[in-house]
Amino acid sequence: MVMPRFAAIDVGSNTMKLLLVEKDGQGGFTPFYQTSRPARLGKGINARQLRESIMDSALETLAEFATICRANHVDQVAAIGTSALRDAENREHFLVRARGIGIDIQVIPGEEEARLSYTAVRRDPHWRDAEHLLVVDIGGGSTEVIFGNRLGIESRVSLPLGAVRMTESALHSDPPAILEMAEAARLASEGLQGLRPAAANYTAVGVGGTLTNMCRVALSLSVDSEGNTEKVHGARLTQFEVETQVERYASCSVEQRRRFLGLDPARADVILGGALILLQVMQKSAVTQVDVSTRGLRWGLLYDRFG
């Protein structure tokens, strides 16, 4: 029996990701191919305009993704765009060109992004039975924080805080100046000021490139070693480790960070911004540790559309 194959594409502000899965006999999904590209679609995100050269590069990546889907006989493709496309006043120009390639991108609101990220974690066997969940998804342009229980979502919020946006807003020097670090911490704190503390019975889970890269650094795993995804998925970051990495990134230049074991060199310039947001989320929600999931928004999209 030939099982249906599906693709999920996440057109993010920092990274574009492709996931191919085959539906199994139990109604779940078995991944057989995944890749990502550091498209940086959200560069200059505060200007609310997608840059032409970056759009051209992103469209080349989408064309590559479309070719991969055809070569692997994918039955259906679901593609979504997040913060950079939400904010861009010229996004329609990009979306029309993407449709010409054969990729129809749905730009989703922040609350829908939050729902899909929560779905990805709640449906995962690692956290399926957790009584209460606090999910944080740190992207390039936005951060989603979701509280939920076994019955569903209790509250969700999408905030204009992200690794790229934070870096462009506050962290201009290399390495950053003390006043820039203070300004970044202030922006993160003010953006998250309505976040409530989580009760002791909440399990905190984080998704997104900031979390997975910080986890690889903590575990001293190389970026491209076989099996690292399995080692990161379900691993845990303590607040002490997050604080340690913030201090380490703040004291180094971008070029020095590129040589850190576990850190994707393409993320070296924005990892500090993402780490600062994670630290503020942990402090505001009063959690001392966060589990790491490598199955973020794309998995939520698969469950929602095809599951």
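Residues numbered from 1 in each chain as written. Predicted model: local features only at pLDDT ≥ 70, side-chain atom pairs only at ≥ 80, totals over all residues. Heavy atoms only, no water.

S.K.: What is the right way to read the packing of helix 6 (residues 178-191) against helix 11 (residues 271-285) from this model?
M.R.: The relative placement of two packed helices is expressed as an angle between their axes plus a distance between the axes. Relative to each other, helix 6 and helix 11 sit at 50°, their axes nearing to 9 Å. Here helix 11 runs oblique to helix 6, going by the angle between their axes. Judged by the sense of rotation from one axis to the other, the crossing of helix 6 with helix 11 is right-handed. In this structure, helix 6 uses Met181, Ala184, Ala185, Ala188 and Ser189 to contact helix 11, whose residues at the interface are Leu272, Leu276, Gln280 and Lys284. Here the residues of the contact of helix 6 with helix 11 are counted per class, giving 6 nonpolar, 2 polar and 1 charged. (Axes fitted to C-alpha atoms, helices over the stretch in contact; angles between N-to-C directions. Helix = DSSP H or I, 4+ residues; strand = E, 2+ residues; numbered from the N terminus. Parallel < 35°, antiparallel > 145°, perpendicular 65-115°, else oblique. Left-handed = near helix turned anticlockwise from the far one by under 90°. Contact = heavy atoms within 4.5 Å. Nonpolar A, V, L, I, M, F, W, Y, C, P; charged D, E, K, R; others polar.)

S.K.: I would appreciate a short explanation of the sheet that holds strand 3 (residues 29-37) in the present structure.
M.R.: Pairing between the strands of a sheet comes from backbone hydrogen bonds, and it takes one of two forms, parallel or antiparallel. The strand order across the open sheet built from 5 strands is 3-2-1-4-5, with neighbouring strands paired in mixed fashion. Edge positions in the sheet fall to strand 3 and strand 5 (105-107), since each of these pairs with one other strand and no more. Ignoring which end each strand starts from, the neighbouring axes of this sheet average 20° apart. As paired elements, strand 1 (residues 5-11) and strand 4 (residues 76-81) share 6 bridges and run parallel to each other. Considered in strand 4, the bridge of Asp10 is made with Ile80. Contacting strand 1, strand 2 (16-23), strand 3, strand 4 and strand 5, helix 1 (residues 52-71) runs over the sheet at an angle of about 15° to strand 2. (Pairing = 2+ DSSP bridges.)

S.K.: Help me understand empty space enclosed by the protein, please; the structure alone is not making it clear to me.
M.R.: Over the atoms a probe the size of a water molecule is rolled, and this reveals where empty space is left. Evaluation of the coordinates by the stated rule reveals 1 cavity of 30 Å³ or more. Taken as a whole, the largest cavity spans an internal volume of roughly 40 Å³. Considering the residues around the largest cavity, the lining is formed by Leu41, Gly42, Lys43, Gly44, Ile45, Arg48, Gln49, Leu50, Ala84, Asp87 and Ala88. (1 Å grid on protein atoms, 1.4 Å probe; cavity = no way out; pocket = protein on both sides within 12 Å on 5 of 7 lines; lining within 4 Å. Points joined across faces, edges and corners; volume = space filled by probe spheres on them.)

S.K.: Hey, could you run me through the layout of surface pockets in this one?
M.R.: Of the voids in this model, the largest pocket is the one considered here, and its volume is about 1300 Å³. Along the wall of the largest pocket there are 50 residues; nearest its centre are Lys17, Ser36, Thr212, Thr294 and Arg298. Where the lining of the largest pocket is concerned, the elements lending two or more residues are strand 3, strand 6 (132-138), helix 7 (209-219), helix 8 (228-232) and helix 12 (297-306). Per-element tally for the lining of the largest pocket: the top contributor is strand 3, with 7 residues. Here the residues of the lining of the largest pocket are counted per class, giving 11 nonpolar, 26 polar and 13 charged.

S.K.: Whenever I open this one, unusual backbone geometry confuses me. Can you help?
M.R.: Among all residues except glycine, the phi angle is most often negative; among peptide bonds, the trans geometry is most common. Following Asp174, the chain continues to Pro175 via a peptide bond in cis, the omega torsion being 0°. A positive phi angle is found at Arg48, which is not glycine, with a value near 60°. Relative to the assigned elements, Arg48 resides in the loop between strand 3 and helix 1. Given the relative accessible area of 39%, Arg48 is considered partly exposed. (Buried < 20%, exposed > 50% of the residue type's maximum accessible area, 1.4 Å probe, protein only.)

S.K.: Before we go on, may I ask you to explain the sheet that holds strand 6 in this structure?
M.R.: On the basis of which strands lie adjacent, the open sheet formed by 6 strands has the order 8-7-6-9-11-10 and mixed pairing. Sheet topology places strand 8 (152-159) and strand 10 (236-238) at the edges, where each strand pairs with a single neighbour. Strand-to-strand twist across the sheet, computed as the mean angle between neighbouring axes with direction ignored, equals 25°. With 3 bridges connecting them, strand 9 (residues 202-207) and strand 11 (residues 289-293) associate as parallel partners.

S.K.: I tried to follow the packing of helix 4 (residues 110-122) against helix 12 on my own but got confused; where do I start?
M.R.: Orientation of helix 4 relative to helix 12, taken along the N-to-C sense of each, is 90°, at an axis distance of 7 Å. It follows that helix 4 is roughly perpendicular to helix 12 by the angle criterion. Contacts between helix 4 and helix 12 involve Glu112, Glu113, Arg115, Leu116, Ser117, Thr119 and Ala120 on the former and, on the latter, Leu297, Trp299, Gly300, Leu301, Tyr303 and Asp304. A per-class count over the contact of helix 4 with helix 12 returns 6 nonpolar, 3 polar and 4 charged.

S.K.: What am I meant to see in the environment of Val96 here?
M.R.: Looking at the secondary structure, you find Val96 in helix 3 (residues 91-101). The spacing of Val96 and Glu113 is 17 residues in sequence and 22 Å in space, taken between C-alpha atoms.

S.K.: For this particular structure, what's the right way to read the side chain of His233?
M.R.: If you trace the backbone, His233 turns up in the loop between helix 8 and strand 10. The class for His233 is buried, based on a relative accessible area of 12%. Engagement of the side chain of His233 in a polar contact is seen with the side chain of Asp124, the distance being 2.9 Å. A polar side-chain atom of His233 sits 3.0 Å from the main-chain amide nitrogen of Thr294. Aside from chain neighbours lying at most four places away, what touches His233 is Asp124, His126, Trp127, Val292, Ser293, Thr294 and Arg295. (Polar contact = N/O pair within 3.5 Å; in protein donor to acceptor, adjacent residues only side chain to side chain.)

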